[in-house]
Every structure is written in structure tokens, then in C-alpha cells.
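# Close look at the chain arrangement
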Amino acid sequence: MEASSSSSDSDDDFFAPASWPSTSAAYSLLPSNKKMRRSRTAPAMVSMEDLFKSPTQSVHQFGPTSLVRQAAFLLIIYLSLGVVVYSFNRDHFSGVETHPVVDALYFCIVTMCTIGYGDIAPITPLTKVFACIFVLVGFGFIDILLSGVVNYVLDLQENLLLAGIKEQGQRQFDHGHGRGGGLSAYIVDVAKGRMRIRLKVGLALGVVLLCIGLGSMVLYFQEHLDWIDSVYLSVMSVTTVGYGDRAFKTLPGRLFASIWLLFSTLAVARAFLYLAEARIDKRHRRIANWVLQREITIEDLLAADINNNGFIRKSEYVIYKLKEMGKIREKDVMQICNQFNKLDENNSGKITLPSLLQSQL
């Protein structure tokens, strides 16, 4: 029973944020009268700074910046290949010509974004085979790589906004005005540390309307379509429908479309993804409220009692509630437990700093 009591206390301490050791506290556990020096003949080993480095620091070394560079590099190669093939096979494509390079770029973008106006189309077997390969590669390229770039840009904007609001709240707190509220509280979900999903949906839909409006204006003033056809073609373009009854025919129009279609189609896809995320988030909140408000039953206690000792610890209760909310699965819990058992070589039920340092050396 004493062992169970001490184990329960340790679980309570684990879930108390105030008791988590900091890096300075970890350093204080080392002998104060000795300085750690590496022998000149000793094999290479990680430094103490590396041991206490946050995992996110190493992750960011291979993160978004390299992804953006890779996306830009591959996009240039992809479009350059399409432009070269089109330029040397202009007679093998049907459609109204304006400028070889602009037409080639316009054809590549329309193909990659899977719009398919039909105003420029391959007519020979060789160019049709090229178009098949080009659209398959382009579809995967825009879905995986460019979508990752868009996610990075949106996350960067969100992080900058959150950092600005947090800094403003800190200044208000330092001047004795509290933590702030009003617009900041409406924009930021403090508990989750992110922008509220409704605001993200609103901003995404605003970008979509901006793209549609910009495209409609260019179509009206440059392509000389009426307002109905301008809005119609703009919507059909950003949603990648592309019936083909209307298309860009002038040189400036196709040059604009080559840039506009690339960003507008991604913005629309992101907006619909945010709408789906908002619906899922609402469902998760409803489930979480139901799980937290209902009273615990005997069946719940028996299900949460992993050790079958007649009572549940705080850690067991938290895990059981998380599984009820659908945030974790039994398989996830077992994988984490197996990983813990590998780290706990002495089967002591805990991971200590000396054992961790010993395993790292």
C-alpha cells in the first residue's frame, strides 16, 4: 500500500506544471564542486547544451524555410520544362496564339492547377503523352509541395499575430491593466494558443473573395467580358472547374492568369479545408463538454483502473478522459508505455536525471 501511495503522489506531481524541473534545476543536481571537462583522449560525446536542447530546435533546422526553397526550385524546373516542350512543339497544340513563352506558361499553370479550359490543347500523340505525364506530376506537385508552402505561410502569419497579441498583453499586464481582452480575446484562443478557427475561416473566405474580385476586374477590363461572364469565369477558374466556354485570350490576360491561378486555386482549397476543420473542431468541443460534464460511474472506474487495484490515479483518470474525447487511442497509450519501459531499464517506474544522463553519454 505504501508503494501505491507513493506512486499516486508521483502521478500527482507529474501532472502539476509547477513541479516540472527546469534546465537550471537539472544543472543544480550536478556536483557543485566539480566542473565537467572532457578528456582529450575520450571519445566524442554530446554536450550538456545538446542534452537540454528542445526537440523543436533540431526540427526547425530541416523545417519550413528549406521547404519553401525546395518548392520554388522544383516549381521553376517544372514550369521551365513545360515551357521548353511547348515552345518547340507549338504546331502540335491547338488554340489562339499570343506569345510563345506566355502561352507556354499559361498552358503549364492551367494544366498544373487541373483547370483545363481547353483553349490550348495537345493534338498529336506525342504531346498528348506529354500532357498526361505533365498533369499527373503537376497534380501531385501542387497538392503536396505547394500546399506545404501555403501552410507554412499561413502558420507564419498566425504565429506573428499571436506573438504580437501576446506582447501587447504582456505590456498591458506590466502596466497594471490586466491581461487584456476585447478584440484580442476574440482573435486568440488562449487555452489552445492559436487563432480561433472562425476567424481563420473568415480570413480565408476573405482571401477567396479578393481573388474572385481581382480576377473579375481583369476579365472585365482586359478580356472585355461583361460582369456576369467575368464573375462566372473567375469563379469557375478558382474552383478549378473550367468548363471551357470562356478563357483568357489576350497576352496580358494570360500573363495575369499564369500568376493569379496559381495562388487563387490554393487559397480556395485552403478556405474549404478551414471550413472542414471548423466543423470538426465544433464536434470535438461538443464531445469534450459532454465527457467533462457527465458524472463518473462504477463502470468508468473499472475501465480506467489500468492496474486493477480498486482505485484510479490522476494519470489514469486523465488518460481515460482523453480516450473518451477521442484525442488518443488505446494503441497510442500502449506505444508510449512501451517506449517508457525501454527508457526505464531498472523497472523502477520512473525516469531519473542520472539514468538519462548515463544513457546519453
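This text goes with the structure placed above it.
Structure report, in brief. Residue indices follow the written sequence of each chain, beginning from 1 at its first position. Given that this is a predicted model, residues contribute local features only at a pLDDT of at least 70 and side-chain atom pairs are listed and counted only at 80 or more, while totals for whole chains, interfaces and linings are drawn from all residues. Neither water nor hydrogens contribute to the side-chain values; these are computed over all heavy atoms in the structure.

### A word on the overall build of the chain
- Put simply, DSSP H or I for four residues or longer makes a helix, DSSP E for two residues or longer makes a strand, and each gets a number counted from the N terminus. In terms of helices and strands, the chain carries 15 helices and four strands.
- Relative accessibility thresholds used throughout: buried, under 20% of the residue-type maximum; exposed, over 50%; partly exposed, between the two (1.4 Å probe, protein chains only). Taking all 361 residues of the chain together, 29% fall into the buried category.
- Contacts were defined at the residue level, with two residues in contact if any of their heavy atoms lie within 4.5 Å. Looking at the chain alone, contacts between residues at least 24 apart form 63% of all its contacts between residues at least 6 apart.

### A few points about the pattern of salt bridges
- Within this document, salt bridges are pairs made up of a side-chain nitrogen of Lys or Arg and a carboxyl oxygen of Asp or Glu, the two lying within 4 Å of each other. Tallying each qualifying case throughout the model produces 10 salt bridges.
- A salt bridge links R90 to E97, with the nearest nitrogen and oxygen atoms 3.0 Å apart.
- You can call R90 partly exposed: its relative accessible area is 31%.
- Given the relative accessible area of 44%, E97 is considered partly exposed.
- Close ionic contact of E330 with K323 constitutes a salt bridge, the shortest N to O distance being 2.6 Å.

### Points about a nonpolar patch on the surface
- A cluster of nonpolar residues, M217, F221, W227 and V231, forms a patch on the protein surface that exposes about 420 Å² of accessible area.
- Breaking the nonpolar patch down by element, the ones donating at least two residues are α9 (197-221) and α10 (227-238).
- Overall, the relative accessible area of 45% leaves M217 in the partly exposed class. Here, patches come from residues exposed beyond 30% relative accessible area and free of salt bridges, joined within 9 Å for like charges and within 5 Å for nonpolar side chains (Val, Leu, Ile, Met, Phe, Trp, Tyr). Under the convention used here, a 1.4 Å probe and the Shrake-Rupley method define accessible areas, while residue burial counts only the protein chains that appear.

### Regarding the packing of aromatic side chains
- Paired rings are identified among Phe, Tyr and Trp, the last through its six-membered ring, by centres lying within 6.5 Å, and are further divided according to the angle between planes into stacked (under 30 degrees), edge-to-face (over 60) and tilted (the rest). Across all of its chains, the model carries 13 aromatic pairs by this definition.
- Relative to F134, the ring of Y78 has its centre 4.2 Å away and its plane inclined at 10 degrees; by these criteria the two rings are stacked. Taken together, the positions of Y78 in helix α5 (residues 64-87) and F134 in helix α7 (residues 125-174) put the pair 56 residues apart, joining distant regions of the chain. Across this residue pair, the class does not change: Y78 and F134 are buried.
- One aromatic cluster is present, built from ring pairs that chain together Y106, Y117, F248, F256 and W260.

### Some points on the side chain of S258
- Positionally, S258 belongs in helix α11 (residues 251-293).
- N or O atoms closer than or at 3.5 Å make up a polar contact, with two conditions inside protein: a donor-capable atom paired with an acceptor-capable one, and, for residues adjacent in sequence, both atoms drawn from side chains. In terms of polar contacts, S258 uses its side chain to reach the backbone carbonyl oxygen of R254, at 2.8 Å.

### Structural notes on unusual backbone geometry
- Although it is not a glycine, T114 adopts a positive phi angle of roughly 55 degrees.
- Here T114 shows up in the loop between α6 (100-112) and β2 (121-122).
- On the basis of relative accessibility, which here comes to 33%, the residue T114 falls in the partly exposed class.
- Unlike most non-glycine residues, T240 shows phi in positive territory, near 60 degrees.
- With relative accessibility at 29%, the residue T240 sits in the partly exposed group.

### A closer look at a positive patch on the surface
- In this tally, Lys and Arg are treated as positive and Asp and Glu as negative; His is ignored, and so are the chain termini. Charged groups are reduced to one reference atom each: NZ for lysine, CZ for arginine, CG for aspartic acid, CD for glutamic acid. On the surface, R198, K282, R283 and R286 cluster together into a patch of positive charge.
- The element best represented in the positive patch is α11, accounting for three residues.
- Relative to the helices and strands, R283 is located in helix α11.

### Overview of the nonpolar core
- Think of a nonpolar core as a cluster: buried Ala, Val, Leu, Ile, Met, Phe, Trp, Tyr and Cys residues, connected wherever their side-chain atoms sit within 4.5 Å. Counting residues in hydrophobic clusters, the biggest one holds 42 residues, and the most contacted among them are Y106, M112, Y117, F248, W260 and L261.
- Among the elements that make up this core, the one with the highest residue count is α11 (10 residues).

### What to know about the environment of F107
- Looking at the element boundaries, F107 is found in helix α6.
- Apart from the residues lying within four places of it in its own chain, the contact partners of F107 are Y86, F93, I120, P122 and F130.

### Considerations on α11
- Here the expected span of a helix is defined as 1.5 Å times the quantity of residues minus one. The first and last C-alpha atoms of α11 sit 63 Å apart over 43 residues, in line with the 63 Å expected at 1.5 Å per residue.
- A residue's bend is the angle separating two fitted axes: one through the seven residues that end there, the other through the seven that start there. Considering bend angle alone, the principal kink of α11 is centred on W260 and spans about 35 degrees.
- Looking at where α11 begins, the residue whose side-chain oxygen comes 3.1 Å from the main-chain nitrogen of G253 is T250.

### Thoughts on the environment of F256
- For F256, the location among the structural elements is in helix α11.
- In this structure the C-alpha to C-alpha distance between F256 and V102, which are 154 residues apart in sequence, comes to 9.7 Å.
- Not counting the four nearest positions on each side in its chain, F256 is found in contact with L214, G215, V218 and F248.

Taken by themselves, the reported measurements are silent on function.
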